[in-house]
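An overview of the molecular structure
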Amino acid sequence: MNWKHALSGIVGVVLFCAAATSALAEDVVIKVWSRADRSGPLRAGNIVAAGDTLNKMLAAAGADKRVKIELNETNAKGYDDDALDLLKAFAVDKGPDIFVLAHEWTGAFAEAGYALNLEDHIGKNPELYGDIIVPLWQAVSYKGARYGVPQDSEVRMFFLNNDKLRKLGMTDKDIAALPGKVDAGEFTAYDLCDLAGQAVQKGVVKYGILHRPNAGPDFQMMMEGFGLEPYDKAAAKLQVSKAALKDFFTWVKYCTDKKAFSATNTAMSWDAIEQASFAGEEALVFFHGVWRVTDQSKAWSLKGKDDYQRKVTWLNAPAGKKGGKPSNLSHPIAYAVSAKSKNKDLAAYLVALASQPVPNMRHAVSTNHTPINYGEQSMPEVVDKGWALVAATPMLKYASFMPNHPKIGQYNGIIFKGIQGVETGRLSAQAATDFVIDELGNELGKDVIIRN
Amino acid sequence: MPDFARAQLRRQRINFGLFLGPALALLFLFFVAPIVIDLVLAFTDMGRTLQVSKLTLENFERMFTRDSRLLGALGVTFIFVLTTLTVFNVTFALLLALVTTAVPRQLGAFFRAVWLLPRMSPSVVYALLWLWVVDPNERGLLNQIVVHVFGMPPIDLRNNHPLLVIILANGFIGASLGMLIFTSAIRSIPEHLFHAARVDGAGSLAIVRHITLPAMRWPISYMTIHQTLSLLVSFEYILLITGGGPFYDTTVFSLYAYRRAFESGEYAYGAALSLVLVAIGVVAALAMWRLMDMQKLLQPPRIEVH
């Protein structure tokens, strides 16, 4: 063997080793599906950050592998539409490894075999999950097992514009007494519509109450005030009571007739609703959740708690009848890991990293969502910037979750169409009740119990 | 078989594949295949997870016995198709063709181009313009006129007269196709007939009635059938402008199938509804074919000049 042969042999070995090393250093791609949501960019962002953290650890350990997060931020109108798209993606084998979902969809994804049962993973890693606020786990449990990790939580409320209330002749004392009256059952849902309708009829505002324009969780807390319980725990089925439904739609009709609800509300875009409710100051009442404090503070240049409370009053959903209980709803968003993923464990650990107090606190504070860890509540940032969360927490006393039934999305969609029918003057209270009962029976069949 | 005959046959086959192949492939891919898939899906229970667990007749049982929205959707479809077709896609299109051919040639071409503009712009842009036109606030184009010119309170056409809005939106864009076809039909009438009529003392209206319209029978019949079928299945502007609402007020049958499939995730039921729509389309086309005696149009001419 001469030197030429030896050299070419060495070059060959070096090239082979280089190729092998580069093959070993291949990225592990983790696909993340998250609805692009201005009220929570860090839902996906914290997973990306978790990837960075993990990569630093891998580099320190001298490992060749790196995690690469591929983010798919979808533009669905709401979490229900997004979940339908995601189900389709999974059905054609294009599902992600990690996905962000509204908690009530956990059941649907678990039932379809797309959400991984995380009991084992959570059980083995108490250091990573031990601080999560215990009742929140209920929101991601289906048939006794946890299929997700809560990502945030919140409180929903009616926001009243105090300046407009003052224009209606209410004193600061009257305004300050309102939340207490709602909680005591003295100020009912009908009173709220009387107030809002009056504001429209007197020309103080253009819209009495503005609510979300699409199907979503908000309406459940309103319906609860009329005795509508959507879930029968014992039978593990959805349910609806004809009488309670009629009472609820009678109220919707009353509010529509009083001009508290607008016929155009469900045809408006979120942008138009936000513009009318915040900067435009065209609405007396805006119905959504605590994270909207961020938008309101920005729109009205409010600095801190006192400034905010001079401008806005929060109400729980008032009861349907005098003496009734108010209601509220907490609607956690959750992370889930795909049961079809090739990197289930890795994906689950990324979720665990993203759910740690510090990253979660960043989401909580920047978007006014209530934190998921006990420890976050005492963090200086939360105490300093999260005054709204602290102030809203007592309202959770009246809160419930949505049921984790696979068909709750359809149930909500049908109720929403009934509300839309009444608000736009297409349906009477009775017709809306008949419509909802008819549609629930047709679409959900045996999954819903229809009671008188 | 002699060699040259065999070669000729081969050449014919190659030509067949070459010239008809692409069209046949497209026809199969976008027409036959979807109908076959739809036909199969309609008899399954495919829901939101796209999984099929059984073959069933339930969708049809539900459609014919329990679906209380179906009649409403059929009614809306009937009004929508009939009005858009008669008022815009045929009558207004004919009027446009008559007017733009009666004015000087370049002016006519200019106006036709203007009417074609919406067809050239993307559907979403066209729909957004309509949304702005009928916006219930003072910002809407229509309301700017209503409020500032007539001093009346703003009107909300989208909520109060939603069918009118979708008929107008579809009609104004739909008329342009008829306008083109009718214009070329008018242009193909031998010029000397017009001159002869003028010499005989016919006025403009008499010329339209006795020369132009009789020559338009086939284009009008063709456009009627074509546009009926097209209106029956198209819902993009409706979806973009009203979303089928308020409530179900502008949900035509095709949009109803879409909403069931893609809003509620009941894909099999949506497929069953679409299948019925295909059947309605076929029946409507055959009936109109018969009614308008279209067979005659396709007959070979009795006299052939060689």
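The rules we used
- Residue positions are given per chain, counted from 1 along the sequence in the order it is written.
- Throughout, the order in which chains and ligands are written sets their labels, letters from A for the former and numbers from 1 for the latter.
- Only residues with pLDDT of at least 70 are given local features in this predicted model, and only at 80 or more are side-chain atom pairs given and counted; all residues enter the totals for whole chains, interfaces and linings.
- The domain boundaries here were taken from an automatic or database domain assignment.
- Placing C-beta atoms from the backbone, we regard two residues as in contact once those atoms come within 7 Å.
- Only DSSP runs of H or I covering at least 4 residues are called helices, and only runs of E covering at least 2 are called strands; the numbering of each starts at the N terminus.
- Just so you know the grouping, Ala, Val, Leu, Ile, Met, Phe, Trp, Tyr, Cys and Pro go in nonpolar, Asp, Glu, Lys and Arg go in charged, and all remaining residues, Gly too, go in polar.
- Any two strands with at least two DSSP bridges between them are considered paired.
- Comment: axis = line fitted to C-alpha atoms, over the contacting stretch for helices; angle = value between 0 and 180 degrees taken between N-to-C directions.
- Here a nonpolar core is just a set of buried residues of the types Ala, Val, Leu, Ile, Met, Phe, Trp, Tyr and Cys, joined wherever their C-beta atoms sit within 7 Å.
- With C-beta atoms placed from the backbone, a residue is labelled by how many other C-beta atoms lie within 10 Å of its own: buried for 20 or more, exposed for 12 or fewer, partly exposed between the two.

1. A closer look at the domain arrangement of chain A
Residues and elements named next belong to chain A.
- Under the domain assignment used here, chain A contains domain 1 (19-154 + 331-400) and domain 2 (156-330 + 404-451).
- Spacing between the C-alpha centres of domain 1 and domain 2 amounts to 29 Å.
- Each partner contributes to the interface: domain 1 provides 30 residues, whereas domain 2 provides 27 residues.
- The dominant element in the side of domain 1 that touches domain 2, judged by the number of residues it contributes, is helix H18 (residues 387-392), at five residues.
- The residue makeup of the side of domain 1 that touches domain 2, split by class, is 14 nonpolar, eleven polar and five charged.

2. Thoughts on the interface of chain B and chain A
- Facing the 20 residues of chain B at the interface are 19 residues of chain A.
- Partitioned by chemical class, the residues of the side of chain B that touches chain A number four nonpolar, seven polar and nine charged.

3. A short note on the pairing of strand S10 (residues 237-241) of chain A
All names here are of chain A.
- Relative to S10, strand S9 (residues 231-232) runs antiparallel, the two sharing two bridges. Bridge assignment links Tyr 231 to a residue of S10, and that residue is Leu 238.
- Taking the residues between adjacent antiparallel strands as the criterion, S9 and S10 are bridged by four residues, where Ala 236 takes a positive phi near 55°.

4. Some points on the environment of B:Gln227
All names here are of chain B.
- Looking at where Gln 227 falls in the secondary structure, it is placed in helix H11 (residues 217-233).
- The spacing of Gln 227 and Ala 175 is 52 residues in sequence and 9.8 Å in space, taken between C-alpha atoms.
- Apart from residues no more than four positions distant in its own chain, Gln 227 is found in contact with Leu 85, Asn 89 and Gly 174.

5. With respect to the sheet that holds S10(A)
Residues and elements named next belong to chain A.
- Judged by pairing direction, the sheet is mixed, and its three strands sit side by side in the order S9-S10-S16 without closing on themselves. Of all strands in the sheet, those bounded by a partner on one side alone are S9 and strand S16 (448-451).
- Inspection of the sheet shows S10 paired to S16 by four bridges, in the parallel sense. Counterpart to Ser 241 in the pairing with S16 is Arg 451.
- Where helix H11 (residues 242-257) meets the sheet, it contacts S10 and S16, and its direction lies at approximately 60° from that of S10.

6. What about the nonpolar core?
Residues and elements named next belong to chain A.
- Core analysis: the biggest nonpolar cluster contains 179 residues, and Ile 98, Leu 101, Ala 196 and Val 285 have the highest contact counts within it.
- Split by domain, the residues of this core number at least three in each of domain 1 (19-154 + 331-400) and domain 2 (156-330 + 404-451).
- Those residues in contact with Val 285, other than ones at most four positions away along the chain, are Phe 158, Phe 159, Leu 160, Ala 196, Gly 208 and Ile 209.

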